[in-house]
Amino acid sequence: MLGTALGVVLAFSLAEGSWEWFSTYLGLTLLAVVLAFGRVPVRGGGGYGWNLAAYSLVVGLCVALALAPALQRWDWLFPMAGTRAGCVQAGRYESLHAQAALGDLAGRDAAALAYAQERQARVAVDDCLAATTTRWLPVYALGTALVVSGGALVWGRARRRG
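Residues numbered from 1 in each chain as written. Predicted model: local features only at pLDDT ≥ 70, side-chain atom pairs only at ≥ 80, totals over all residues. Heavy atoms only, no water.

### Quick word on the pattern of salt bridges
Note on pairing: side chains with opposite charge can pair once their charged atoms come close. Tallied over the entire structure, the rule returns two salt bridges. For the salt bridge of E20 with R73, the shortest nitrogen-to-oxygen distance reads 3.8 Å. Placement of the pair is E20 in the loop between helix 1 (2-14) and helix 2 (22-37) and R73 in helix 3 (residues 48-73), with a sequence separation of 53 residues. (Salt bridge = Lys/Arg side-chain N within 4 Å of Asp/Glu carboxyl O. Helix = DSSP H or I, 4+ residues; strand = E, 2+ residues; numbered from the N terminus.)

Listed below in structure tokens is the structure:
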């Protein structure tokens, strides 16, 4: 129970800004804790449906935390063509904004301007992709929870027959 609460707190705290690879570590660690100490609910006891839902949703949360940085960075894993193009446009805007903010100073050091533009553009693109990833993470978490629930139901039926 404490691990679940910790997972929720970490999920909310990591949902600000760009998803970093540390969330993959956290997600995998929490998933390992759930799989090592948690047990798939067995049919027959009281509250089976609630127990199975809770177990599945926690596993889904762990998987979503683990996948978030990859979803943000790899378009083959999370193809969101329109969003990715929009994020690139946001990066271009921030690059121009950085140049405008420096005004007359831009002519004095072209390398510094290029660095500032690249940095601002990267931050804007990362924040845009992170926001989109955060919006879609519940879908991935719920999908994982449904797969886990379905697998547990099938496994439970097979176990009762065998």
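Structure shown, so let's carry the discussion forward.
### Let's talk about the packing of helix 3 against helix 5 (residues 110-161)
Close contact between helix 3 and helix 5 brings their axes to 6 Å; oriented N to C, the two are set at 145 degrees. The interaxial crossing formed by helix 3 with helix 5 has right-handed handedness. (Axes fitted to C-alpha atoms, helices over the stretch in contact; angles between N-to-C directions. Left-handed = near helix turned anticlockwise from the far one by under 90°.)

### Quick word on the packing of aromatic side chains
If you walk through the whole model with that rule in mind, you get two aromatic pairs. Measuring from centroid to centroid gives 5.6 Å for W21 and W74, while their planes differ by 45 degrees, and the two rings are tilted. Here the residue W21 occupies a position in the loop between helix 1 and helix 2, and W74 occupies one in the loop between helix 3 and helix 4 (81-102), the gap between them amounting to 53 residues. Residue classification places W74 among the partly exposed residues on the basis of a relative accessible area of 37%. Centre to centre, the rings of F22 and Y25 are 5.8 Å apart; their planes meet at 25 degrees, and the pair counts as stacked. Linking F22 with Y25, this pair stays in helix 2, spanning three residues, or about one helical turn. For the pair F22 and Y25, one class covers both residues: exposed. (Phe/Tyr/Trp six-rings, centres within 6.5 Å; stacked < 30°, edge-to-face > 60°. Buried < 20%, exposed > 50% of the residue type's maximum accessible area, 1.4 Å probe, protein only.)

### Focus: the UniProt feature "transmembrane region" (unreviewed entry) in the protein
The UniProt record marks residues 25-42, 49-71 and 137-156 with the feature "transmembrane region" (unreviewed entry), using the residue numbering of this structure. Structurally, residues 49-71 comprises 100% helix and 0% strand, and the distance from its first C-alpha atom to its last is 30 Å. Regarding residues 137-156, the helix share stands at 100% and the strand share at 0%, and the terminal C-alpha atoms are separated by 28 Å. (UniProt positions renumbered as here; feature names shortened; annotations may be inferred.)

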